[in-house]
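# A look at the structure
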Amino acid sequence: MGNITLSFTVQGDSEGYVTFECPYCGSEFKLQAGEVQSDEEPVWELFCPYCGLVKEKSAFWSKDVCDKARALAENYMIEELNKAFGKMARSINRQNIIKMTYKPLKKVYVKELKNTDTTETEFQCACCNRRVKMLYCVGASKIFCPYCGVDL
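### Some details on the pairing of strand β1 (residues 17-21)
Of all five residues in β1, four are buried, a share of seventy percent or more. Note: β1 against strand β2 (residues 28-32), five bridges, orientation antiparallel. Looking across to β2, one finds that Val18 is bridged to Leu31. Between β1 and the antiparallel strand that follows it, β2, lie six residues; Gly26 among them carries a positive phi value of about 75°.

Spelled out as structure tokens, the structure:
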């Protein structure tokens, strides 16, 4: 069996922003889906706008996105096991030597992902012109651009 690719989409909020989560500090922020997935200017790493630490883009997927990916992979595995055991049962039962029965596994629930409008403030980087939405609290010392890391 070769590599299997499972894909899904995440619906952004009314302005096209999708939620990301910092793997270091756990803070959530939103980025424009079109900017993160740009083929013209691919994004390989992101900076956390709160703590400023950098890591590969995939480390910033939100818990909901990771949970959905895990559920889709689990359902794929369940489907494959059900097919294999069904085929095995039919083959064994045709020989009339022994009788095989099996109870098919049930798939897990896969939740639809939709980002809702919230009260984050939008910031635009003067260096790279990309945008971020995040909760801005008065007295926050720094806000970092998720794309180039400069202080906004």
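Here the narrative resumes.
### Structural notes on the pattern of salt bridges
The tally for this structure, following the rule as stated, stands at 11 salt bridges. A salt bridge links Asp13 to Lys133; the nearest nitrogen and oxygen atoms lie 3.3 Å apart. Highlighted residues: Asp13 in the segment before β1 and Lys133 in strand β6 (residues 131-134), separated in sequence by 120 residues. Its relative accessible area of 6% is what places Asp13 among the buried residues. By relative accessible area, Lys133 is classed as buried at 6%.

### Comments concerning a nonpolar patch on the surface
Together, Met77, Leu81, Phe85, Met88, Tyr102 and Leu105 give the surface a local cluster of nonpolar side chains, amounting to about 510 Å² of exposed area. Checked against the element boundaries, Tyr102 lands in the loop between α2 (63-94) and β5 (121-124). On the basis of relative accessibility, which here comes to 33%, the residue Tyr102 falls in the partly exposed class.

### Some words on the nonpolar core
Judged by nonpolar contacts, the single largest core of 17 residues is most densely connected at Phe20, Phe29, Leu31, Leu46, Phe60 and Tyr147. Looking at this core, the elements with two or more residues in it are β1, β2 and β6. Setting aside residues no more than four positions away along its own chain, Leu46 makes contact with Phe20, Leu31, Leu53, Val54, Lys55, Lys57, Phe60, Pro146 and Tyr147.

### Some thoughts on the pairing of β2
Summarising burial for β2: four of the five residues are buried, a large majority. Bridge analysis of β2 against β6 gives two bridges, and the strand direction is antiparallel. Bridge assignment links Leu31 to a residue of β6, and that residue is Val132.

### Concerning unusual backbone geometry
For Asn96, which is not a glycine, the phi torsion comes out positive at approximately 55°. Here Asn96 is to be found in the loop between α2 and β5. For Asn129, which is not glycine, the phi dihedral falls at a positive 65°. For Asn129, the location among the structural elements is in the loop between β5 and β6.

### What about the sheet that holds β6?
Judged by pairing direction, the sheet is antiparallel, and its four strands sit side by side in the order β1-β2-β6-β5 without closing on themselves. Since the sheet does not close on itself, it has two edges, and those belong to β1 and β5, each with one partner. Here the average twist between neighbouring strands, direction ignored, is 30°.

### What to know about the side chain of Ser62
When you line up the elements, Ser62 lands in the loop between β4 (54-56) and α2. Not counting the four nearest positions on each side in its chain, Ser62 is found in contact with Thr19 and Glu21.

Analysis parameters
Residues numbered from 1 in each chain as written. Predicted model: local features only at pLDDT ≥ 70, side-chain atom pairs only at ≥ 80, totals over all residues. Heavy atoms only, no water. Buried < 20%, exposed > 50% of the residue type's maximum accessible area, 1.4 Å probe, protein only. Helix = DSSP H or I, 4+ residues; strand = E, 2+ residues; numbered from the N terminus. Pairing = 2+ DSSP bridges. Salt bridge = Lys/Arg side-chain N within 4 Å of Asp/Glu carboxyl O. Patch = residues over 30% accessible without salt bridge, like charges linked within 9 Å, V, L, I, M, F, W, Y side chains within 5 Å. Areas by Shrake-Rupley, 256 points an atom, 1.4 Å probe, with all protein chains shown as cover. Core = buried A, V, L, I, M, F, W, Y, C linked by side-chain atoms within 4.5 Å. Contact = heavy atoms within 4.5 Å. Axes fitted to C-alpha atoms, helices over the stretch in contact; angles between N-to-C directions.

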